[in-house]
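# A structural walkthrough
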Amino acid sequence: MRILFVENKFASSRTILSALKKAGLASDLARSGQNAIELLRNYDYGLAIINLHLSDMDGFTFLSSLRSLKISTPVIILSAADAPDAKIRAFSLGADDFLVEPIDMAELVARVQAILRRSNGFAHPVIQVGALVLDLNSQSVTVADQPVHLTGKEFAILELLVLRKGIAQTKETFLNHLYGGRDEPDIKIIDVFICKLRKKLQYVGGNSLISTVWGKGYILHDPQTRKPAAQPHLAHVATVEHARAPEHLEARHLQLLENTR
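Throughout what follows, the structure given in this document is the object of discussion. Not measured: the values here are computed from a predicted model. (Residues numbered from 1 in each chain as written. Predicted model: local features only at pLDDT ≥ 70, side-chain atom pairs only at ≥ 80, totals over all residues. Heavy atoms only, no water.)

### Side note on unusual backbone geometry
Condition: Where helices and strands are cited, they refer to DSSP runs of H or I of at least four residues and of E of at least two residues respectively, numbered from the N terminus. Burial classes: relative accessible area under 20% of the type maximum marks a residue as buried, over 50% as exposed, and values in between as partly exposed (1.4 Å probe, protein chains only).
Of note, the bond from Glu101 into Pro102 is cis; its omega dihedral lies within 30 degrees of zero at 0°. Even without being glycine, Ala144 reaches a positive phi, approximately 55°. Position of Ala144 relative to the elements: it lies in the loop between strand S8 (140–143) and strand S9 (146–147). You will see that Asp145, though not glycine, has its phi angle at about 70°, which is positive. Assessed through its relative accessible area of 75%, Asp145 is described here as exposed.

As structure tokens, this is what we get:
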């Protein structure tokens, strides 16, 4: 999932953005609290990380404004001071975590990954859908124990489909997930990514995992819960037709077969 980092200090932003990128977490940078709120209102971020002290507002005002707008994006607060009162106030306003600087980058990444999993209903970093196994921490994918080598964009698309399995995702959602509303290519690029992803999954036996929802986008099904489509009882229909009008049996049968293709 895409991360929004809110920080007006260049050195701090560069260090944290680098750590997130190294962990395979796509992220955007906002230089002010107001800019961050606008981005969160218009785009679907998995999590926001914000410094408690910004130039235009503090983290408490940011949290209060965010929750009053009914934006439920998880938030991690970063603070230079380890003040119990500040932690209590942040949590009471809707913060999901509170870290004191200096921050260990490995710990920050681990906390980000944990919150992303929990916010999507998963307590464990390894998620299985049929024969497909996706590890959110290591960014790895296997199908029937065979590794599937994906690009960063392909993994991000599969990650979104797995975390929201059974729910159709629009092409606009994928585009936002991949690019965060910045320097977005033509929306047709999503079809190209999906096509390549399907081929790689099918190569190792992951057939029919991703379906097209016409007019909406794409959806990932769990093979164990997906119901097979009902098939017409051709033999029974043919018997009825034969009893009524034998001379039309062959034509009617061919029509039924044509309709089921």
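### Quick notes on the packing of aromatic side chains
As a reminder, the rule being used: Each Phe, Tyr or Trp ring (for Trp, its six-membered ring) is paired with any other whose centre lies within 6.5 Å, and the angle between the two planes then decides the class: stacked below 30 degrees, edge-to-face above 60, tilted in between. Lysine NZ or arginine CZ positioned within 6 Å of the ring centre and within 35 degrees of the ring normal marks a charge as sitting over the ring.
Within the structure shown, the criterion is met by 1 aromatic pair. Between Arg89 and the ring centre of Phe60, over which it is positioned, the NZ or CZ distance is 4.2 Å.

### Let's talk about the sheet that holds S9
In plain terms, the rule: Between any two strands, at least two bridges found by DSSP are needed for them to pair. In what follows, residue pairs with any heavy atoms lying within 4.5 Å of each other are defined as contacts. The axes are straight lines fitted to the C-alpha atoms, using for helices just the contacting stretch, and the angles between their N-to-C directions are given from 0 to 180°.
Spatially, the 4 strands line up as an open sheet ordered S6-S7-S8-S9, and their pairing is antiparallel. Each edge of the sheet is formed by a strand with only one pairing partner; in this case those strands are strand S6 (126–129) and S9. Contacting S6, strand S7 (132–135) and S8, helix H6 (residues 152–163) crosses the sheet at an angle of about 110° to S7.

### What about the pattern of salt bridges?
Cut-off, in case you're wondering: Criterion for a salt bridge: a side-chain nitrogen of Lys or Arg within 4 Å of a carboxyl oxygen of Asp or Glu.
Considering all chains together, one arrives at 9 salt bridges under this definition. Ionic pairing is found between Arg111 and Glu107, a salt bridge with its closest N-O pair at 2.8 Å. Of the two residues, Arg111 and Glu107 both sit in helix H5 (residues 105–119), 4 residues apart, roughly one turn of that helix. Judged by relative accessible area, Arg111 falls into the partly exposed class, the value being 29%. The partly exposed category is assigned to Glu107, whose relative accessible area is 35%. When the shortest N-O distance is used, the salt bridge between Lys171 and Asp191 registers 3.0 Å. In this pair, Lys171 sits in helix H7 (residues 171–179) while Asp191 sits in helix H8 (residues 189–203), placing the two residues 20 residues apart along the sequence.

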